[in-house]
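# Breakdown of the fold
The lines below spell out each chain.
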Amino acid sequence: MILFNLDPRISDTITIFLAIVIEAAPFVLLGVLVSRLLGMLVKGEWLVRALPKSPLLAHAVAALLGLAFPVCECGNVPVTRRLLIKGFSVSQAISFYLGAPILNFVVIISTISAFGNFPIIIAGRILGGLFIATVVGLLINYLPRGWKLLRADVAAELESGPQDCADEDCCECEHDHEHVNSARELLQKLRSSKFAAGVVQEFNSMTKYLLVGAAIAAVTQLWLPREFVFALSSNPLLATVAMMTLALIISVCSTVDAFVALAYVGRFSPAALLGFLLYGPMIDIKAIAMLHSVFKPRLVWLLVLLVTGLTLIITSLITALGF
Amino acid sequence: MLISFGLGSYLVILFLVNKISYYISPSYFGFNLVMGILLIAFSLNSFRHFSHDGNHHEDDHGAGHEHEGIKKISQASTLASTSVYIILFLSIILIPARPLSSATASSRSLNIAALVTTGADVNPLLQRDTKTLKLSDWVKIFNFTPDLASYVGKPVIITGFIFPSPEAATDKNNFFVGKFVITCCAVDAAPLGIEIKNTKSDSTSWLAEFKYDDWVKVEGVWELVNVGTEHKLVLVASNISAISRPENPYEQ
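Residues numbered from 1 in each chain as written. Chains lettered and ligands numbered in written order. Predicted model: local features only at pLDDT ≥ 70, side-chain atom pairs only at ≥ 80, totals over all residues.

### Focus on the overall build of chain B
- Along the backbone of chain B there are seven helices and five strands.
- Ordered by position from N to C terminus, the α and β elements of chain B give α-α-α-α-α-α-α-β-β-β-β-β.
- Counting every position in chain B, which comprises 252 residues, the buried fraction comes to 31%.
- In chain B, once contacts between residues fewer than 6 apart in sequence are set aside, the share between residues at least 24 apart is 68%. (Helix = DSSP H or I, 4+ residues; strand = E, 2+ residues; numbered from the N terminus. Buried ≥ 20, exposed ≤ 12 C-beta atoms within 10 Å, placed from the backbone. Contact = placed C-beta atoms within 7 Å.)

Shown next as structure tokens:
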């Protein structure tokens, strides 16, 4: 390897960038694999029929689907895309996307493990996560019909049908052609070169966005030192904003972020810590970048706005209750 | 296909040369390795499909003008992403793997990490011979013991790297020795450190012999320093010797 004598802060930025990519890329692959398996094992009609008719309940159930498909937030984007292809509406897919990183067993267990002494934080995270995911989905549901919310290539894919249609006639018919009918067929498909190609393509497409997100997160760490964020901690509202900003910047996986937050128990109120635990899994630099692979920028930024607002409302409520 | 193959290979190689520990927590090593191998396997398996089927991504279902725009966007984004990949691989190949430096250690909040701020197991530490206590044990003690004066004169042996005094130091001329602790990956790395008195008994300074980022083993005893109404423990070193950087540079 050629050695360069780099300024240590630049070298650290590169180390952090690589660390984010190395940590997240395996989860992206996991998400792609889960998404593909979902495509083959679950018929679109089942999923859509599983959602209740009432919009409120439909979005709440979509938010809770993470209990069935546990992947890290990085792996969520491919699964969300798959749900859209299977027939979820944009708003339902968004409820899933926001709910899944919090409402899954791994994250619930790690939160309980870290914050066993603070039941308000555990309850706040679970109920707050369900609330935000459902409400944001509902609000998106009521956007004007004409608004284009999906990226052009995703919209086109939805119109033309699943990628693995072998010929033109296939896509006209009603059956869900991704679906497999037996274990043997499944194994055959899993070993096929075509399946591998699909996985590779989707992985590469996601990784593009992951790289950009990781680079922005790493550079932000360099130029916005944490001490600046903590200087805001004197006032309860600013303390919550400080913890949410930290969550945004450090983009840590929701499976372990409870332990990162635990470190700040002495310095920050439960409400501020809750801000970190609600916000981070839903919105961070890496996730914002990856969402651009499915949704149009205006929808991504609308999501950021809504989640930020609702998180602040919930944490202010918790502060007002005396925590 | 090159990207997934390249990234998969990178993950596996990092593991083989023992540098993966610079970036992520050991609890993820197994998962990373398996996923790296899968990435390589899928990339190789997909080769057949890509070489046979040049039109796999085009929309064959009756060519339409409405798909022209999508093709152009797709070509532009392929060009952009290829450039990003090239930059990524150049960084990986040309810049050697390094753990986080002393510059980051002194700019992040000191001694705040779940490993040392949750108090359940401090009591057993208080019973042990102080020479057996490691860095994180001492930091836990600092965080939870009201009476630090009882430690004055007790012997200490710790290892870590040298970094400049952060805000929390009693004397800016002193330096710190410590390690990072990580939960998930280097992005959440939090520094743990102990303040070492720079001036030796013969009035020379340790920093004349060592520099920041050097890995060292420090032996010494505690001295109590009053800072306003607070008491802090500073280590007076009897011996500091250079050691090689451990394979896993993070405190466990």
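Still more to cover.
### With respect to the overall build of chain A
- Of the regular secondary structure elements, chain A holds 16 helices and zero strands.
- Looking at chain A as a whole, 53% of its 323 residues are labelled buried.

### Some details on the nonpolar core
- With 162 residues, the main nonpolar core has A:Ile20, A:Val136 and A:Leu210 as its most contacted residues.
- In terms of residues, this core owes the most to one element, helix H1 (residues 8-41) of chain A, which gives 15 residues.
- Two domains each donate at least three residues to this core, and these are domain 1 (2-94) and domain 2 (102-242) of chain B.
- Sequence-distant contacts of A:Leu210, defined by excluding residues within four places in its chain, comprise A:Val21, A:Ala24, A:Ala25, A:Val28, A:Cys74, A:Lys286, A:Ala289 and A:Met290. (Core = buried A, V, L, I, M, F, W, Y, C linked by C-beta atoms within 7 Å. Domains from an automatic or database assignment.)

### A few points about the packing of helix H3 (residues 55-64) of chain A against helix H7 (residues 119-141) of chain A
Residues and elements named next belong to chain A.
- Contact pair H3 / H7: the axes reach a minimum separation of 8 Å and the direction vectors enclose 130°. Classified by the angle between their axes, H3 and H7 sit oblique to one another. The handedness of the crossing between H3 and H7 comes out as right-handed. Packed against H3, whose contacting residues are Pro-55, Leu-56, His-59, Ala-60, Ala-62 and Ala-63, the element H7 presents Leu-130, Ala-133, Thr-134, Gly-137, Leu-138 and Asn-141 at the interface. (Axes fitted to C-alpha atoms, helices over the stretch in contact; angles between N-to-C directions. Parallel < 35°, antiparallel > 145°, perpendicular 65-115°, else oblique. Left-handed = near helix turned anticlockwise from the far one by under 90°.)

### Some remarks on the interface of chain A and chain B
- Listed per partner, the contact involves 56 residues of chain A and 59 residues of chain B.
- Mapped onto the side of chain A that touches chain B, the elements with two or more residues apiece are H1, helix H8 (152-160), helix H10 (193-223), helix H11 (226-230) and helix H13 (257-262) of chain A.
- In terms of residues, the side of chain A that touches chain B owes the most to one element, H1(A), which gives 16 residues.
- A per-class count over the side of chain A that touches chain B returns 39 nonpolar, nine polar and eight charged. (Nonpolar A, V, L, I, M, F, W, Y, C, P; charged D, E, K, R; others polar.)

### As for the pairing of strand S3 (residues 190-196) of chain B
Residue and element names in this part refer to chain B.
- For S3, the tally of buried residues reaches seven of seven residues, placing the bulk of the element in the interior.
- In S3, alternate side chains face the same way, and those of Ala-190, Leu-192, Ile-194 and Ile-196 on one face and Pro-191, Gly-193 and Glu-195 on the other are all buried.
- Where strand S2 (residues 175-181) and S3 come together, seven bridges link them in antiparallel fashion. Residue pairing in the sheet places Val-177 in a bridge with Ile-194 of S3. (Pairing = 2+ DSSP bridges.)

### Digging into the packing of H1(A) against helix H4 (residues 73-85) of chain A
Residues and elements named next belong to chain A.
- Two elements in contact, H1 and H4, have axes whose closest approach is 6 Å; the angle formed by their N-to-C orientations is 20°. Judged by the inter-axis angle, H1 sits roughly parallel to H4. Regarding H1 and H4, the two cross each other, and that crossing is right-handed. Contacts between H1 and H4 involve Ala-24, Phe-27, Val-28, Leu-30, Gly-31, Val-32, Val-34, Ser-35, Leu-38 and Gly-39 from the first element and Cys-74, Gly-75, Asn-76, Val-77, Pro-78, Val-79, Arg-81 and Arg-82 from the second.

### So, the environment of B:Thr132
- The residue B:Thr132 is located in the loop between helix H6 (122-127) and helix H7 (135-144) in this model.
- Taking the C-alpha atoms as reference points, B:Thr132 and B:Pro155, separated by 23 residues in sequence, lie 9.5 Å from one another.

### Re unusual backbone geometry
Residue and element names in this part refer to chain B.
- The backbone of Asn-18 shows a phi angle near 65°, a positive value even though the residue is not glycine.
- Looking at the element boundaries, Asn-18 is found in the loop between helix H1 (2-16) and helix H2 (29-52).
- For Asn-18, a count of 11 C-beta atoms within 10 Å puts it in the exposed group.
- One non-glycine residue, Ser-203, adopts positive backbone phi at about 70°.
- Within the secondary structure layout, Ser-203 lies in the loop between S3 and strand S4 (215-227).

### Overview of H7(B)
- Burial in H7(B) covers these residues: B:Leu135, B:Ser136, B:Trp138, B:Val139 and B:Lys140.
- For H7(B), the secondary structure elements touched by its buried residues are helix H5 (114-117), H6, strand S1 (155-164), S2 and S3 of chain B.

### Comments concerning the pairing of strand S5 (residues 230-242) of chain B
Residues and elements named next belong to chain B.
- Here twelve bridges tie S4 to S5, and the two strands are oriented antiparallel to one another. Pairing of Val-221 across the sheet is with Val-236, part of S5.
- In textbook terms, the turn of a hairpin is the stretch between consecutive antiparallel strands, and for S4 and S5 this stretch comprises two residues, one of which, Gly-228, has a positive phi near 65°.

### Remarks on the environment of B:Ser43
- Position of B:Ser43 relative to the elements: it lies in helix H2.
- The buried category is assigned to B:Ser43, around which 25 C-beta atoms lie within 10 Å.
- Residues B:Ser43 and B:Lys131, spaced 88 residues apart in sequence, show a C-alpha to C-alpha distance of 52 Å.
- Apart from the residues within four sequence positions on either side, B:Ser43 is in contact with A:Val200, B:Met1, B:Ser4, B:Phe5 and B:Gly8.

### Let's talk about the confidence of the model for chain A
- Chain-level statistics for chain A give a pLDDT mean of 83 and a share of 90% at 70 or above.
- H11(A) is the least confidently modelled element of chain A, averaging 65 in pLDDT, while H7(A) averages 95, the highest of any element. (pLDDT = per-residue confidence, 0-100.)

### Quick word on helix H5 (residues 90-99) of chain A
All names here are of chain A.
- Of all ten residues in H5, ten are buried; the element is thus mostly enclosed.
- Where H5 is concerned, the buried positions are Val-90, Ser-91, Gln-92, Ala-93, Ile-94, Ser-95, Phe-96, Tyr-97, Leu-98 and Gly-99.
- Where H5 is buried, its residues meet H3, H4, H7, helix H14 (270-282) and helix H16 (297-320).

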